[in-house]
Amino acid sequence: MKIKDLGEFGLISRIAGSFNEALPAGWQGIGDDCAIIPQENSSQVWLVTTDMLVEKIHFLTGKITPYQLGYKSLAVNLSDIASMGGNPVATFLSVALPPDTDTEWFDRFIQGYKAHGVPLLGGDTTSSERDIVINITVLGQSDRSSVKRRSDARPGDLIAVTGNLGDSAAGLRLLLDGSLGTESHNSLIKAHLMPRPHLAEGEWLGRESGVHAMMDVSDGVASDLMHILRASGCAARVDTSCLPLSEALINATVEKGWNVRGLALGGGEDYVLLLTVSSSQAEDLAARYREEFGQELHFIGQITEGEPDIRWIGSNGEDYQGFTHF
Ligand code: ADP
Ligand code: MG
């Protein structure tokens, strides 16, 4: 069998089983946005996450500046810390660079990385034949009681997201099309090149007992919500008329004839948080969230009983798939 036959998530679950069984009490390994390691004699836990970006798979050097790439590479890792309710403490950066990479390119990359203000404590540097490879590990911290997992959704919970869906996917299409220019297009392209990790939102939501499951949207809600459903053993319905869509996205999809719901649910790289909230606390939580952040918590559906599956409401029978490698 080839890896492409197994798929990204099939491959991960092949590794997960035996390693996860051998873990000490309180530890959590493969399967969530971060691993969890309890700190001794403390109510705090360490959160650890790592993500790799490979040239031509995750980025094209002609379409992203080194500053933006440095910013984005760390942003996607910080987003995983946010998604568990943690705050980032330290980072490690490993890079493989072709020998003819400009030192100025790398300086600018590091400036973008530094913009997040999280310390860099180590890493590794090596050469590669042709393509740039970036791997980042982030160490975060959280109170044990504030950690949010993918596995804690319950039937009846409302499903929410902390920001617009689909902007990044549309931005990528515009970039590949070479459609630079209008302010509206540029806002979508920026969402793709420089996603903001929802750290403050994640930490705030982590402290709320009414928030049950949480993760970040990296592959698209269609794929990422399925991770929550599989981990929690339940199903969901999503009302596609409730998706938070920016005006820029709506305009671009009309202009280009793209399927707006397909982009919003399957495009990925939004790096907003996807969470489930106790239905009895949802209204109060949303009001306090609005007061704290001046932004809406967007409710898009509800967790239901049943086998892991998503029923799309208002989608005229369309089905949606998130991004997966292989
Ligand atoms: P995310 O998109 O949140 O970074 P992924 O889908 O990349 O999460 O990974 C899902 C889970 O599988 C995570 O817990 C991650 O640490 C784990 N994982 C992914 N690849 C590997 C690997 N090669 N070895 C061990 N664990 C892995
Ligand atoms: Mg994640």
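Definitions and cut-offs
Residues numbered from 1 in each chain as written. Chains lettered and ligands numbered in written order. Predicted model: local features only at pLDDT ≥ 70, side-chain atom pairs only at ≥ 80, totals over all residues. Heavy atoms only, no water. Axes fitted to C-alpha atoms, helices over the stretch in contact; angles between N-to-C directions. Helix = DSSP H or I, 4+ residues; strand = E, 2+ residues; numbered from the N terminus. Parallel < 35°, antiparallel > 145°, perpendicular 65-115°, else oblique. Left-handed = near helix turned anticlockwise from the far one by under 90°. Contact = heavy atoms within 4.5 Å. 1 Å grid on protein atoms, 1.4 Å probe; cavity = no way out; pocket = protein on both sides within 12 Å on 5 of 7 lines; lining within 4 Å. Points joined across faces, edges and corners; volume = space filled by probe spheres on them. Nonpolar A, V, L, I, M, F, W, Y, C, P; charged D, E, K, R; others polar. Donors = N, O, S within 2.8 Å, 3.2 Å for Na, K, Ca; no water. Salt bridge = Lys/Arg side-chain N within 4 Å of Asp/Glu carboxyl O. Buried < 20%, exposed > 50% of the residue type's maximum accessible area, 1.4 Å probe, protein only. Core = buried A, V, L, I, M, F, W, Y, C linked by side-chain atoms within 4.5 Å. Expected span 1.5 Å × (residues − 1). Bend = angle between axes of the 7 residues up to and from the residue. Near = heavy atom within 4 Å. Polar contact = N/O pair within 3.5 Å; in protein donor to acceptor, adjacent residues only side chain to side chain. Areas by Shrake-Rupley, 256 points an atom, 1.4 Å probe, with all protein chains shown as cover. Patch = residues over 30% accessible without salt bridge, like charges linked within 9 Å, V, L, I, M, F, W, Y side chains within 5 Å. Pairing = 2+ DSSP bridges.

Novice: Account for the packing of helix α3 (residues 66-83) against helix α4 (residues 103-114), with residues named and values stated.
Specialist: Remark: α3 packs on α4, axes separated minimally by 6 Å, with the N-to-C direction vectors making an angle of 40°. By the criterion of interaxial angle, the relationship of α3 to α4 is oblique. α3 and α4 meet at a crossing whose hand is right-handed. Two secondary-structure elements touch here, α3 through Pro66, Tyr67, Leu69, Gly70, Tyr71, Ser73 and Leu74 and α4 through Trp105, Arg108, Phe109, Gln111, Gly112 and Tyr113.

Novice: Describe the layout of surface pockets, listing the residues and the values that go with them.
Specialist: Estimates place the volume of the second largest pocket at around 460 Å³. What lines the second largest pocket is a set of 18 residues, and nearest its centre among them are Asn164, Asp167, Ala191, Arg196 and His198. Among the secondary structure elements, those contributing two or more residues to the lining of the second largest pocket are α5 (167-177) and α6 (183-193). Of the residues contributing to the lining of the second largest pocket, the split by class is four nonpolar, eight polar and six charged.

Novice: Please give an account of the coordination of the magnesium ion (ligand 2) that cites residues and values.
Specialist: For the magnesium ion (ligand 2), the full set of protein donor atoms is Asp33 (OD), Asp80 (OD) and Asp216 (OD), and the range of their distances to it is 2.0 Å. Binding-site remark: the magnesium ion (ligand 2) is held by donors from one chain whose sequence spacing is D-x46-D-x135-D. Of this pair, Asp33 sits in the loop between α2 (8-21) and β1 (35-38) while Asp216 sits in strand β7 (residues 211-216); the two residues are 183 residues apart in sequence, bridging distant segments of the chain.

Novice: Please give an account of the pattern of salt bridges that cites residues and values.
Specialist: Two side chains bearing opposite charge may form a pair once their charged atoms approach each other closely. Counted under the stated rule, the structure contains 10 salt bridges. Across the pair Glu208 and Arg288 runs a salt bridge whose closest N-O atoms are separated by 2.8 Å. Of this pair, Glu208 sits in the loop between α7 (199-206) and β7 while Arg288 is found in helix α11 (residues 282-293), placing the two residues 80 residues apart along the sequence. Judged by its relative accessible area of 32%, Arg288 is partly exposed.

Novice: So what's going on with the nonpolar core? Which residues, and what values?
Specialist: Ranked by size, the top nonpolar core spans 52 residues in total, and within it Leu47, Ile134, Leu205 and Leu275 carry the most contacts. Residues in contact with Leu47, not counting those within four places in the same chain, are Cys34, Ala35, Ile36, Ile81, Met84, Gly86, Val138, Leu139, Gly140, Gln141, Ser142 and Val147.

Novice: Give a description of α2 that names residues and reports values.
Specialist: Between its first and last C-alpha, α2 extends 21 Å over 14 residues, near the 20 Å set by a 1.5 Å rise per residue. The sharpest bend along α2 measures roughly 30° and falls at Ile15.

Novice: For the site of ligand 1, give the residues involved together with the corresponding values.
Specialist: As a structural note, the neighbourhood of ligand 1 is formed by Phe9, Ile12, Ile15, Ile30, Gly31, Asp32, Asp33, Asp51, Asp80, Arg150 and Ser218. Within the side chain of Arg150, one N or O atom sits 3.2 Å away from an oxygen atom of ligand 1. Considered on its own, ligand 1 offers 560 Å² of accessible surface; in the complex 65% of this is hidden by protein. Here the element with the most residues in the shell around ligand 1 is α2; it accounts for three residues.

Novice: Quick rundown of a nonpolar patch on the surface? Include the residues and the values.
Specialist: Together, Phe9, Ile12, Ile15, Phe19 and Ile30 give the surface a local cluster of nonpolar side chains, amounting to about 430 Å² of exposed area. Positionally, Phe19 belongs in helix α2. By relative accessible area, Phe19 is classed as exposed at 57%.

Novice: Provide a residue-level description of the side chain of His227, including the pertinent values.
Specialist: Its place among the elements puts His227 in helix α8 (residues 221-232). Apart from the residues within four sequence positions on either side, His227 is in contact with Phe9, Arg150 and Met215.

Novice: Just give me the short version of the sheet that holds strand β9 (residues 273-277), but keep the residues and values in it.
Specialist: Strand order in the open sheet made by the six strands is β7-β9-β6-β10-β8-β11, with mixed pairing throughout. Whereas interior strands pair on both sides, the edge strands pair on one side only; in this sheet they are β7 and β11 (310-313). The mean angle between the axes of side-by-side strands here comes to 25°, regardless of whether they run parallel or antiparallel. Of the pairings in the sheet, the one linking β7 to β9 comprises four bridges and is antiparallel in character. Following the sheet pairing, Met214 is matched in β9 by Leu275. Against the sheet, α3 engages β7 and β9, with an angle of about 175° to β7.

Novice: Describe in detail the sheet that holds strand β3 (residues 87-97), supporting the description with residues and values.
Specialist: Whether parallel or antiparallel, the strands of a sheet pair through hydrogen bonds between backbone atoms. Strand order in the open sheet formed by five strands is β1-β2-β5-β3-β4, and the pairing between neighbours is mixed. Each edge of the open sheet is held by one strand with a lone partner, namely β1 and β4 (120-127). On average, adjacent strands in this sheet sit at an angle of 15° to one another, irrespective of strand direction. The pairing of β3 with strand β5 (residues 133-143) spans nine bridges and is classified as antiparallel.

Novice: Give me the lowdown on the environment of Ser94, citing residues and values where you can.
Specialist: Mapping Ser94 onto the fold places it in strand β3. C-alpha separation for the pair Ser94 and Ala248, spaced 154 residues apart in sequence, amounts to 36 Å. In this structure Ser94 touches Gly123, Asp124, Val133, Ile134 and Asn135, once residues within four positions along its chain are discounted.

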